[in-house]
Amino acid sequence: VSSQNYESVIVANDENGATFTMPDADVTVTAIFVPVYEVTVTDDIENGTVTANVSEAAEGDNVVIAFEADPQYKLVPGSLIVRDAKGAGVPITVTADLSKYEFTMPDCGITVTAKFTESEACTVSTQAEVEKGSIAVSGDIANAHVNDSITFTVTPEEGYSVSSIYVLNDNG
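Cut-offs and rules
Residues numbered from 1 in each chain as written. Predicted model: local features only at pLDDT ≥ 70, side-chain atom pairs only at ≥ 80, totals over all residues. Heavy atoms only, no water. Phe/Tyr/Trp six-rings, centres within 6.5 Å; stacked < 30°, edge-to-face > 60°. Helix = DSSP H or I, 4+ residues; strand = E, 2+ residues; numbered from the N terminus. Pairing = 2+ DSSP bridges. Axes fitted to C-alpha atoms, helices over the stretch in contact; angles between N-to-C directions. Core = buried A, V, L, I, M, F, W, Y, C linked by side-chain atoms within 4.5 Å. Buried < 20%, exposed > 50% of the residue type's maximum accessible area, 1.4 Å probe, protein only. Contact = heavy atoms within 4.5 Å. Lys, Arg positive; Asp, Glu negative; His and termini not counted. Salt bridge = Lys/Arg side-chain N within 4 Å of Asp/Glu carboxyl O. Polar contact = N/O pair within 3.5 Å; in protein donor to acceptor, adjacent residues only side chain to side chain.

1. Topic: the packing of aromatic side chains
- Overall, the coordinates contain one aromatic pair when judged by the stated rule.
- Both rings, one in Phe67 and one in Tyr101, keep their centres 5.8 Å apart while their planes meet at 35 degrees; by these two values the pair is tilted. Of this pair, Phe67 sits in strand E6 (residues 62-69) while Tyr101 sits in strand E10 (residues 100-104); the two residues are 34 residues apart in sequence, bridging distant segments of the chain.

This is the structure we're talking about:
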């Protein structure tokens, strides 16, 4: 029975391939291959876009799904669904910034679907009486939609500075 002494070698992997620094001994290069599966976003999604960070992934890989609604549209809650090749739902989690979903790739291809709907118009108002300064909102403040960018100016009276700015929705 012979005994072999293996010493690890650090391998750097980038877009040009894998490299290592040759040690003071003979080496054998080997690799382990795993199957990859297709990540498909259906092409019938309207009023927004859904994209995956990869077009294929191996079982256990983390896949990120990003979405962006067209102006005046929003993602229908619960409509972004990931199904495996057998039609079963794949558990997804939303990222901390609420702009992406993530899931762990199963051992088969997956399909992503989503629906967007027109958002309701909302209004932007300012506090009726602001002491020691003023607030001016520009744009169509009576017809604002989800994801619209709202611009406003806060101007303190002479001798005052702005300490805090609050934007509160109807839920507080």
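2. Description of the sheet that holds strand E11 (residues 110-113)
- The strand order across the open sheet built from four strands is E5-E3-E11-E8, with neighbouring strands paired in mixed fashion. The strands lining the two open edges of the sheet, one partner per strand, are strand E5 (56-58) and strand E8 (81-84). Going from strand to strand, the sheet's axes swing by 25 degrees on average, the running direction of each strand aside.

3. Focus: the nonpolar core
- Among the nonpolar cores identified, the biggest contains 18 residues, and Val50, Ile65, Leu80, Phe103 and Ile110 are the most heavily contacted of them.
- Going through the elements one at a time, E6, E10 and E11 are the ones with two or more residues in this core.
- Looking at which element gives the most residues to this core, the answer is E6, with three residues.
- Sequence-distant contacts of Val50, defined by excluding residues within four places in its chain, comprise Val41, Ile45, Ile65, Ala66, Phe67, Leu80, Val112, Ala114 and Phe116.

4. What to know about the environment of Val167
- Relative to the assigned elements, Val167 resides in the segment after strand E14 (151-156).
- Remark: the alpha-carbon pair of Val167 and Val54, spanning 113 residues in sequence, is separated by 37 Å.

5. Notes on the side chain of Asp84
- Relative to the assigned elements, Asp84 resides in strand E8.
- There is no salt bridge for the buried Asp84, and the closest opposite charge comes from Lys86, which lies 4.8 Å off by N-O distance.
- Apart from the residues lying within four places of it in its own chain, the contact partners of Asp84 are Val90, Pro106, Cys108, Gly109 and Ile110.

6. Some remarks on the environment of Ile150
- Mapped onto the secondary structure, Ile150 falls in the loop between strand E13 (133-138) and E14.
- You can call Ile150 partly exposed: its relative accessible area is 35%.
- Taking the C-alpha atoms as reference points, Ile150 and Glu68, separated by 82 residues in sequence, lie 18 Å from one another.
- Here Ile150 is in contact with Val124, Val137 and Ala144, once residues within four sequence places are set aside.

7. A short note on the sheet that holds strand E4 (residues 48-52)
- Taking strand neighbours across the sheet as the criterion, the four strands line up as E4-E6-E10-E9 in an open arrangement whose pairing is antiparallel. Two strands in the sheet have a free side with no partner beyond their single neighbour: E4 and strand E9 (93-94).
- The pairing of E9 with E10 spans two bridges and is classified as antiparallel. Paired with Thr93 across the two strands is Glu102, which belongs to E10.

8. Here we look at the environment of Asp44
- Here Asp44 shows up in the loop between strand E3 (36-41) and E4.
- Look at Asp44 and you get exposed, because its relative accessible area is 58%.
- Here the alpha-carbon distance between Asp44 and Gln127, two residues 83 residues apart in the chain, equals 43 Å.
- Within polar-contact distance, the side chain of Asp44 engages the side chain of Thr42 at 3.0 Å.

All we've got here are geometric facts, nothing functional implied.
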